[in-house]
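The lines below spell out each chain.
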Amino acid sequence: MIFLFLLTLPSHSGVLKKEDVIAAFPSPYIVGDKDEALPVWPLYQQISTDTPLVGYAFESIDMAAVPGFAGIPYNLLVAMDPEGTFISIRVLSHHEPVFLEGLGEKPLIDFAKQYSGISLMQNIKIDAKPTLAQRENKANAYIDGVTKATASVRIFNQSVLSSSLTVAREKMGFAKGRDPDLIARIKSDLYEPMSWQQLVDEGLITRFTFTNKQVEEMFVGTIGEGQDEEGLAAPEEEFIELFIANLSVPMVGRNLLLPEAWAYLQESTAQNDQVILVIGNGRFSFVGEDFVRGKVPERISLHQSELPVEIRDFDLSDRLDLFELDYQIKLPEPLDDHEWKAFHIIGQAGLDPAYPYEFKLHVPRQKGWLYPETVVKDLDLKTELSADYYVAAESDNKTWHSLWAGRTTDIVILLVGLSVLTIVLIRYQLLTKSQQHLRWFRPLYLLYTLVFIGWYAQGQLSIVNITGVLQAWLAGRSLEFFLYDPMTVIIWAYIGLTFFVWGRGTFCGWLCPFGALQELIGKLLAFLKLPQVKVSDQLDARLKWIKYLVLIGILAVAVVSVPLTGSVVEIEPFKTSITLIFDRSWPFVLWAVVLLSLSLFVYKGYCRYICPLGAGMAIFGKLRIYNWLPRRDECGSPCQLCNKRCEYQSIERSGKIDYNECFQCLDCVVIYDDDKQCVPLVVAKRGRKLKVKQVA
């Protein structure tokens, strides 16, 4: 059966033909034939009599099918030049709920346009608020995000980077074969004061020396042999002395840089970038007279696993001069007059601290004067970082980590809120011993859920989460797309645990922003003493089955049609009222208003009768391992007070609580503990006892 379902799903591969690419890149571009080994189209440009390669065009889904928020990958037409700079990015298809009918596609298209001119060699920062100095640092590129679509644009960015890096590794020599998300990470918290010599002894600074004789031996048998008269005259003298150290390792950087310089280094580089310090002295300069600040050096290069890794001057010394005019870097006195440079390697290059760093110093020699012949030989400079200073590569070292780090404050506030709720549900007597305590606490917590979790942090769970998982599972895709939305992950993880303890009501009664909005409207009506309709028990029982039918229908559509799924999930008003805060076209706003209006007459009518997510929660809520709300033998036989008072109609005439429909408002527990309301307690105060009766 599943096999038949899979046959109905669209395959995730490119859809463009050559004529489509030609239409997207008209003259002066010339589109070549699609590469047989890698699905890219080379882009050429007619310049006079020459037709140089100016870029590559490809579909992102061919290179990296990163699932979107609904579980379906973006498909983007990406074009970048041979240096890794984006020419353009166009959206071919997507299934992001927030852009389909919410904000519309224009914000997504405008977001994509910002990539033009940005290089893969830059760190792309979304929605950051850089200082003027940070904006002037060309190592970073800042682009504006899209309000209310944080997770979707982060996944868009990951789709761009993952697909582009796949092409860059094959066509441009970017750390071929190594995923920059799956490399070792330098430990950021390992530090103790060390002197220069201690750093050398520890292997954190590596020293290399080469004599004139050693260099001359490299050129034996070439046209460069015997061309260095100065070296031949003093073969045992030093040709060059070099020191190499990784400033991104706190043990090195914090010992060699002033605190202000270390702070600048941290704020000017991304999480997985590295900055390498090279110090040189001798007859030969490791950068040369033609070296340009901020550019790629010509005389020194870096390789790893026999593949080139681009290094670029970090221009650190100019920045350090701003702190103290006479200050350069903390070097021992014998090295004060040595030449030094800091070189920057971006995280996307895939430089792995667990592998040797293979530097090459290119030494050229020429023969002849008018039309000289040149030969270049390399001095090998190999350094390694001790395993004590990095965390080994793991399968979950993904770029979503930085997104979580960027939302630390939001995560802390959410965790505090969940901790408070946990305490309240475990020690519910703190609230239920006084009706006033619950009367004040519950509305305040619902306001927190609506305003912070819903409107601000965009943490509204949705049936889209379930359909996304289902479609990803059927297609054999990873569920990693969830990790780009930390609020959703944390709330689902919390709810997953509470299913076993308290059941469905923890989410539906306390953590659903739309449910909170309905209940707050209901409490406002109660304050105004406006009447509400109470559905008969028989009709209520029948209506509660509707949400299960809605859930089954949505899941069936999700299996057979990805595009149609985006339409049927609109039965949920969550996107309109919570994610977009009613900033949407009128049919969707009208639907949300109608459902909210239903709660004016039938208490939380949408939650009780229609909500497919609530149906799913009720099903998972059956995992609950015990009945935790207190009951008495007299409950339901003969006392019917809680049955009559329960606004959710989740207490049966027998006194039994239907946990599948209970929203854990705790009103019945307040009655249970109140000797002025609970009938058995009131009767007991009078010295009598209710006679327990069997309820039919």
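Below: a short report on this structure.

Reading the values: rules and limits
Residues numbered from 1 in each chain as written. Predicted model: local features only at pLDDT ≥ 70, side-chain atom pairs only at ≥ 80, totals over all residues. Heavy atoms only, no water. Axes fitted to C-alpha atoms, helices over the stretch in contact; angles between N-to-C directions. Helix = DSSP H or I, 4+ residues; strand = E, 2+ residues; numbered from the N terminus. Parallel < 35°, antiparallel > 145°, perpendicular 65-115°, else oblique. Contact = heavy atoms within 4.5 Å. Nonpolar A, V, L, I, M, F, W, Y, C, P; charged D, E, K, R; others polar. Pairing = 2+ DSSP bridges. Patch = residues over 30% accessible without salt bridge, like charges linked within 9 Å, V, L, I, M, F, W, Y side chains within 5 Å. Areas by Shrake-Rupley, 256 points an atom, 1.4 Å probe, with all protein chains shown as cover. Salt bridge = Lys/Arg side-chain N within 4 Å of Asp/Glu carboxyl O. Lys, Arg positive; Asp, Glu negative; His and termini not counted. Charge placed at Lys NZ, Arg CZ, Asp CG, Glu CD. Phe/Tyr/Trp six-rings, centres within 6.5 Å; stacked < 30°, edge-to-face > 60°. Buried < 20%, exposed > 50% of the residue type's maximum accessible area, 1.4 Å probe, protein only. Lys NZ or Arg CZ within 6 Å of the ring centre and 35° of its normal. Polar contact = N/O pair within 3.5 Å; in protein donor to acceptor, adjacent residues only side chain to side chain. Left-handed = near helix turned anticlockwise from the far one by under 90°.

## A closer look at the packing of helix H19 (residues 486-501) against helix H28 (residues 612-620)
How two helices pack is summed up by the angle between their axes together with the distance between the axes.
Part 1 of the argument: Where H19 meets H28, the closest approach of the two axes is 9 Å, and the angle between their N-to-C directions is 45°. Classed by the angle they form, the pair H19 and H28 counts as oblique. Across from Trp492, Ile495 and Phe499 in H19, the residues of H28 making contact are Leu613, Met617 and Phe620.
Part 2 of the argument: Tallied by class, residues from the contact of H19 with H28 come to 6 nonpolar, no polar and no charged.

## Description of the pairing of strand E5 (residues 86-93)
Part 1 of the argument: In the sheet, strand E4 (residues 75-80) pairs with E5 via 6 bridges, with the strands oriented antiparallel. Pairing of Met80 across the sheet is with Phe86, part of E5.
Part 2 of the argument: Remark: 5 residues form the turn of the hairpin made by E4 and E5, two consecutive strands paired antiparallel; Gly84 in that turn has positive phi of roughly 90°.

## Focus: a negative patch on the surface
Part 1 of the argument: Taken together, Glu192, Asp201, Glu202 and Asp388 make up a surface patch of like negative charges.
Part 2 of the argument: By the element assignment, Glu202 lies in the loop between helix H8 (196-201) and strand E9 (205-211).

## A word on the packing of aromatic side chains
Part 1 of the argument: Under the definition given, this model contains 24 aromatic pairs.
Part 2 of the argument: Taking the centre distance of 5.3 Å and the plane angle of 75° together, the rings of Tyr603 and Tyr648 count as edge-to-face. Note that Tyr603 is positioned in the loop between helix H26 (586-601) and helix H27 (605-609) and Tyr648 in the loop between helix H29 (641-645) and helix H30 (667-673), a separation of 45 residues in sequence.
Part 3 of the argument: The exposure class of Tyr603 is buried, given its relative accessible area of 6%.
Part 4 of the argument: Judged by its relative accessible area of 2%, Tyr648 falls in the buried class.
Part 5 of the argument: Linked through ring pairs, Phe441, Tyr445, Tyr448, Phe452, Tyr456 and Trp510 together constitute an aromatic cluster.
Part 6 of the argument: One cation-aromatic arrangement involves Arg624 over Tyr659; the distance from NZ or CZ to the ring centre is 3.9 Å.
Part 7 of the argument: One cation-aromatic arrangement involves Arg632 over Tyr672; the distance from NZ or CZ to the ring centre is 3.8 Å.

## Brief notes about the environment of Trp628
Part 1 of the argument: Locating Trp628 in the fold gives a position in the loop between H28 and H29.
Part 2 of the argument: Trp628 sits 126 residues away from Trp502 along the chain, and the two C-alpha atoms are 7.1 Å apart.
Part 3 of the argument: Not counting chain neighbours up to four residues away, the residues in contact with Trp628 comprise Leu425, Tyr428, Val501, Trp502, Tyr659, Gln664 and Leu666.
Part 4 of the argument: In terms of polar contacts, Trp628 uses its side chain to reach the backbone carbonyl oxygen of Trp502, at 3.5 Å.

## Some remarks on the pattern of salt bridges
Part 1 of the argument: Tallied over the entire structure, the rule returns 17 salt bridges.
Part 2 of the argument: Of the charged contacts in the structure, one is a salt bridge between Arg608 and Asp540, with a shortest N-O distance of 3.0 Å. Pair noted here: Arg608 is in helix H27 and Asp540 is in helix H22 (residues 537-543), with a separation of 68 residues, a long-range link. Taken as a pair, Arg608 and Asp540 share a single burial class, namely buried.

## Comments concerning the sheet that holds strand E1 (residues 29-31)
Part 1 of the argument: As summarised here, the arrangement of the 5 strands in space is E1-E2-E3-E4-E5, forming an open sheet in which the pairing is antiparallel. Sheet topology places E1 and E5 at the edges, where each strand pairs with a single neighbour. On average, each strand axis in the sheet is inclined to that of its neighbour by 20°, with strand direction left out of account.
Part 2 of the argument: Pairing between strand E2 (residues 41-45) and strand E3 (residues 53-59): 4 bridges, direction antiparallel.

## A word on a nonpolar patch on the surface
Part 1 of the argument: A cluster of nonpolar residues, Phe500, Phe620, Leu623, Ile625 and Tyr626, forms a patch on the protein surface that exposes about 510 Å² of accessible area.
Part 2 of the argument: Take Ile625: it is sitting in the loop between H28 and H29.

## Digging into the sheet that holds strand E11 (residues 274-282)
Part 1 of the argument: Across the sheet, which stays open at both edges, the 5 strands sit in the order E9-E10-E11-E15-E14 with antiparallel pairing between neighbours. Only two strands of the sheet have a single neighbouring strand rather than two, namely E9 and strand E14 (312-313).
Part 2 of the argument: Across 2 bridges, E14 lies against strand E15 (residues 339-345) in antiparallel orientation. Following the sheet pairing, Arg312 is matched in E15 by His344.

## Notes on the packing of helix H18 (residues 463-475) against helix H23 (residues 546-560)
Part 1 of the argument: Running from N to C, H18 and H23 cross one another at 35°; their axes reach a closest spacing of 9 Å. Of the two possible hands of crossing, H18 and H23 adopt the one that is right-handed. Along its contact with H18, which presents Ile463, Ile466, Thr467, Leu470, Gln471 and Leu474, the element H23 presents Leu551, Ile554, Leu555, Ala558 and Val559.
Part 2 of the argument: When its residues are assigned to classes, the contact of H18 with H23 shows 9 nonpolar, 2 polar and no charged.

## Concerning the side chain of Gln458
Part 1 of the argument: Within the element layout of this structure, Gln458 appears in the loop between helix H17 (435-456) and H18.
Part 2 of the argument: Residue classification places Gln458 among the buried positions, given a relative accessible area of 18%.
Part 3 of the argument: For Gln458, the side chain forms a polar contact with the main-chain oxygen of Thr579, separated by 3.4 Å.
Part 4 of the argument: Apart from residues lying up to four places away in sequence, Gln458 is in contact with Lys148, Phe452, Ile453, Asp485, Ile578 and Thr579.

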